[in-house]
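Letter by letter, the chains look like this.
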Amino acid sequence: MKVTTERLDNCQVNVIIELDQAQVDKKLRDTARAVSRHYTVPGYRRGKAPFHAVVRVFGREALQQQMLEEEGNALYEEAIEQIEYEPYEVGSLEDVEWEPFRMTIVVPIAPEVELGDYRAVRVPMEVDEITDEEVDEYVDNLRREHAQWVPAEEPAAMGDQVVLDIDGKAGDETIMDNENHEMLLQEDAPHPLPGFHEQIVGMSPGEEKTFQLDVPAGDQDEAAAGREATITVRLHTVRKLDQPDDEELVMMVGDYESVDDLRASVRERLETEALQRAEAEYLDTVLEAMIEAAPRIEYPPQALDREAELAMNQLERQLAASGMTADIFFRMVGKTREAYLREMRPTVEGRLRKRLVLQKVGELEGIEADPEAIQA
């Protein structure tokens, strides 16, 4: 058996297996003998039919196909032992010629990365500066978190919480009938009807008011849609948001001497978070720069296929952990698993290239994981 290789692009190799005619004839005769033991050849007992009789009954092409099925794996494994390349995955049969016998198998090999002078790559570390406005916003959020709704006798305003009875009719049809209904007054709110919240603004606790509003044409209540409604409300309670002042806030959120101490702590926290974000983004930025500077990053198509399947399996595990099946998710996004997998490939390919670069750096720098640390 003669074995030669031909290097292809994208980390693939043609492995070419050639047999002389005597080897092919012997293997075909061995195959014919096995076929005659399992199938009846007219005029002969099982296992006793000569080669020409088996060929006449089953055909030479069928015999050749049977020989490939029986001998192909053994030929492939023997050839792999003779070549200098290490297969990344099992190869695939590309072509077979019979006169003379020549079998070509495309074999993927391990990804190859050349980083060049990767130590010369320089990327600036950029950390967002924390402004006074961001500190103010954080402190204001703390005030809102520790605020309380307190009853008030003043008229209702936007942003207040109210409790009221509502009676609404469109003609003779009742479209609203609520008692002690709680709501937060908001500008341009569409519910219960457009303009309703604006009508409540200015009312005081104990006050009753009647007003007209148009029911939208597309309202789910088809009988009332497009008609004018008469609304009567009785306001019971107005609650306003009472936010703590500086001294109260300092006592509520921690052990601080003053609001200046609180602001200093908030700034330190925001700066730490900004640094953590920058560090997380920095690794990706560095890897992108190394990829751009690398003379060669090659991998077989099977490496990308494997990475895509790993990403899909991870997604399916996350969905299962959240209580959703993959089938339901794909129906929700309106895609098949295969279509979603195709859409993932550009992102997955970027992840694969970054991982290959990291692995190469680890190899060149002699970085090895401590088994005890892995176990821990």
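Residues numbered from 1 in each chain as written. Predicted model: local features only at pLDDT ≥ 70, side-chain atom pairs only at ≥ 80, totals over all residues. Heavy atoms only, no water.

Draft legend 1. Geometry of unusual backbone geometry. Cis geometry is found at the peptide bond from Glu99 to Pro100, where omega equals -5°. Tracing the chain through its elements places Pro100 in the loop between β3 (92–98) and β4 (101–108). Note that the residue after His191, namely Pro192, is joined by a cis bond; omega there is 0°. With respect to the secondary-structure elements, Pro192 resides in the loop between β8 (173–184) and α5 (196–200). With a phi angle near 55°, Asn10 is a residue other than glycine that sits in the positive phi range. Note that Asn10 resides in the loop between β1 (2–8) and β2 (12–19). Unusually for a residue other than glycine, Asn180 sits at a positive phi of about 50°. Topologically, Asn180 is positioned in strand β8. For Asn180, a relative accessible area of 51% puts it in the exposed group. (Helix = DSSP H or I, 4+ residues; strand = E, 2+ residues; numbered from the N terminus. Buried < 20%, exposed > 50% of the residue type's maximum accessible area, 1.4 Å probe, protein only.)

Draft legend 2. Expanded view of the pattern of salt bridges. Taken as a whole and judged by the stated rule, the model has 28 salt bridges. Notably, a salt bridge pairs Glu71 with Lys27, separated by 3.4 Å at the nearest N-O pair. Pair noted here: Glu71 is in helix α3 (residues 60–82) and Lys27 is in helix α1 (residues 21–38), with a separation of 44 residues, a long-range link. Here Glu114 and Arg296 are joined by a salt bridge, their closest N and O atoms 3.2 Å apart. (Salt bridge = Lys/Arg side-chain N within 4 Å of Asp/Glu carboxyl O.)

Draft legend 3. Quick peek at the environment of Leu63. Residue position: Leu63 is located in helix α3. Along the backbone, Leu63 and Leu19 are 44 residues apart, and their C-alpha atoms lie at a distance of 17 Å. In contact with Leu63, other than residues within four places in its own chain, are Leu28, Thr31, Ala32, Val35, Phe51, Val54 and Val55. (Contact = heavy atoms within 4.5 Å.)

Draft legend 4. Main features of the packing of helix α8 (residues 301–321) against helix α10 (residues 337–365). Between α8 and α10, the shortest axis-to-axis distance is 8 Å and the interhelical angle comes to 110°. It follows that α8 is roughly perpendicular to α10 by the angle criterion. In this structure, the crossing between α8 and α10 has a hand that is right-handed. Residues Ala303, Leu304, Asp305, Glu307, Ala308, Glu309, Ala311, Met312, Asn313, Gln314, Leu315 and Glu316 of α8 form the contact with α10, whose participating residues are Arg337, Tyr340, Leu341, Met344, Arg345, Val348, Glu349, Arg351, Leu352 and Arg355. Split by residue class, the contact of α8 with α10 holds 11 nonpolar, 2 polar and 9 charged. (Axes fitted to C-alpha atoms, helices over the stretch in contact; angles between N-to-C directions. Parallel < 35°, antiparallel > 145°, perpendicular 65-115°, else oblique. Left-handed = near helix turned anticlockwise from the far one by under 90°. Nonpolar A, V, L, I, M, F, W, Y, C, P; charged D, E, K, R; others polar.)

Draft legend 5. Molecular detail of the sheet that holds β3. Read from one edge of the open sheet, 4 strands run β1-β2-β4-β3, paired in antiparallel fashion. The sheet is open, and its two borders are formed by β1 and β3, each paired with just one other strand. For this sheet, the mean inter-axis angle between neighbouring strands, taken without regard to orientation, is 20°. Note that β2 and β4 share 8 bridges and pair antiparallel. When the bridges of β4 are listed, Asn14 appears paired with Val106. Strands in contact with α3 are β1, β2, β3 and β4; relative to β4, the strand with the most contacts, it is inclined by about 55°. (Pairing = 2+ DSSP bridges.)

Draft legend 6. How the structure looks around the side chain of Lys354. Here Lys354 lies in helix α10. Sequence-distant contacts of Lys354, that is, excluding residues within four places in its chain, are made with Asp284, Leu287, Glu288 and Ile291.

Draft legend 7. Highlighting the environment of Leu68. Along the polypeptide, Leu68 turns up in helix α3. The spatial distance from the C-alpha of Leu68 to the C-alpha of Leu28 is 9.5 Å, given a sequence separation of 40 residues.

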